[in-house]
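# Structural overview
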Amino acid sequence: MADEGIAVGILTVSDRCFQGKAEDRSGPNLTKLVLEAKELNVKQIEHDCVQDSVSEIKKILCKWSDVDKLQLIITTGGTGFSPRDVTPEATSQVIHRISPGLSQHMIAESLKVTPLAVLSRPVCGMRNKTLIINLPGSIKGSQECFQFILPVLPHALDIINGSPKATATHNAMAAKTPSSKDAPVHVCPHNAGRDLSKVAERDRHSPYPLMPMDKATSAVMEQANHLGAHLIDVQDGLDCVLAEDVCSEAPFPPFPASIKDGYVLASDGPGVRKVVGPVTAGEIGKTEVKVKILSTPKVGQDIRPIGFDISSGELVLSKGEVLGPAELGLLATVGVTQVSVFKKPKVAILSTGNEIVQPTGSPKAGQIRDSNKTTLTAAVKKEGFDVIDLGIARDNPESLEATLTKGLSEADVVISSGGVSMGEKDLLKPVLEDKLGATIHFGRVFMKPGRDARPVDQFFSEGISHNR
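Here is what the cut-offs are and how they apply
Here the residue numbering is sequential within each chain, running from 1 through the sequence in written order. This being a predicted model, a pLDDT of at least 70 is required before a residue's local features are given, and a value of 80 or more before pairs of side-chain atoms are given or counted; all residues contribute to the totals for chains, interfaces and linings. To get the side-chain values, all heavy atoms of the structure are used, and hydrogens and water are removed first. Relative accessibility thresholds used throughout: buried, under 20% of the residue-type maximum; exposed, over 50%; partly exposed, between the two (1.4 Å probe, protein chains only). Counting from the N terminus, the helices are DSSP H or I runs at least four residues long and the strands are E runs at least two residues long. We define a nonpolar core as any set of buried Ala, Val, Leu, Ile, Met, Phe, Trp, Tyr and Cys residues linked to one another through side-chain atoms lying within 4.5 Å. Here, residues are in contact when the closest pair of their heavy atoms is within 4.5 Å. The rule for a salt bridge is simple: a side-chain nitrogen of Lys or Arg has to be within 4 Å of a carboxyl oxygen of Asp or Glu. Residue-level confidence of the predictor is what pLDDT reports, using numbers from 0 through 100.

## A few points about helix α7 (residues 153–160)
Burial of α7 is extensive: six of the eight residues sit out of reach of the surface. Where α7 is concerned, the buried positions are Leu 153, Pro 154, His 155, Leu 157, Asp 158 and Ile 160. Phi turns positive, to about 65 degrees, at Gly 162, one or two residues after α7.

Structure, rendered in structure tokens:
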């Protein structure tokens, strides 16, 4: 933790407090406790109150983490079983790395106070260099939980921010032997004294929990941008996504249209009438016939007036809609011949692994055919996108870097298969981050400033609907 002190944010999550129907007692109390905690050395503190809304909670958490660069954020409220309690869900969508130990310790200690602690759902974790902690909404519960974890917060913040104090603490704790009576031996969870060069001593479980598909999609869509738009002929617009609203320039029908065969004067009443001018679809005929009107017609009966279906200037299709056969027919109806649509991204597909061979090849012992690429290629083409085959990259940094560089220069999206597990040959993440200067959040890949600064997953463009 920096010697000059840290910046802390206290966020109260409560509909009633936000609306002024209840007094926020937990937030001010936590502010007082944090300022009094000499261990934290607080130089700045922010306090805000939001309603029980995932989007509002995320907005504050992201601002305090990414813009204001606060080192510690503590939320109070919204961690229970009520349908409006969504603080853990919002926090889970914001953090990059989860810290279950803090949550488990708070619950374990709280259970010594009340059995109702099992109903608390706190989430703790890190977003970049900011530690985010969920506390209960009551003044008593939030104060107790804060005091439970306070002893470890300084060291946690030192580690997150790369302070030399973290190393000094590790060395001091490691110097104490099991025979020491003063304190137990400290074993760092990120080291644990294991020889990581030995495969058998490596972690077998990832510390990063899987994110549900709906949350992952939402996280991507909230930050996605589009590839720009271009004008195309309506006939070429199948499966494209509209980049602008389309309104009718003229009413439809453009004239009073009969839904029956012909017109009569309502004032003439029933009886036999001679057809003076038959009007067929698109032309006027000259055949004279007689018709018998059986009942007295009403003025305007069976007539569609001008603009009955579509009025002039009416919105017929909205930006973001996918153009299918029905939509294209509607555009033709209102006389639109060209529309602005979002450009379709080029998608590059990469397979990785020394054990992977082409489907047409003959696998040797320990090898398998590349079936993932065939599946991914078909899925992408089914959505109407062009595919670039990047081949198979081998499990070494040079091959991965060369292949990814090619993909990033030629495509808008790179989809990779393999190389993201916990084996010693799973190098995709380190190559992207260390070699290509990328950062990875929620499975998205971003190029850092100074290189291509756009996200390579623009496949999820503004105009592409969520189910595409």
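The rest of the description comes next.
## Concerning the nonpolar core
With 25 residues, the main nonpolar core has Leu 40, Leu 72, Leu 131, Ile 133, Phe 146 and Leu 153 as its most contacted residues. Taken together, the elements giving at least two residues each to this core come down to β1 (6–13), α2 (26–36), β3 (72–76), α5 (100–111), β5 (124–127), β6 (130–135), α6 (139–149) and α7. With sequence-adjacent residues up to four places away left out, Leu 72 is seen in contact with Ala 7, Val 8, Gly 9, Leu 40, Thr 130, Leu 131, Ile 133, Leu 153 and Leu 157. In terms of nonpolar packing, the next biggest core, distinct from the first, is built from 16 residues, Val 13, Ile 60, Leu 61 and Ile 73 among them.

## So, the pattern of salt bridges
Following the criterion strictly, the structure yields 12 salt bridges and no others. The partner of Arg 84 in a salt bridge is Asp 15, with the nearest N and O atoms 2.9 Å apart. Remark: Asp 15 occurs in helix α1 (residues 15–18) and Arg 84 occurs in the loop between β3 and α4 (87–94); sequence separation between them is 69 residues. Connected through salt bridges with shared partners, the residues Asp 370, Lys 373 and Asp 389 form a single ionic network.

## Description of the confidence of the model for the chain
Overall, the predicted model of the chain reaches an average pLDDT of 79, with 76% of residues at or above 70. Contacts of residues 183–192 to residues separated by more than four positions or lying in other chains number 13 contacts, the stretch itself having pLDDT below 50. Between residues 439–468, whose pLDDT stays under 50, and residues either more than four places distant or in other chains, the model counts 90 contacts.

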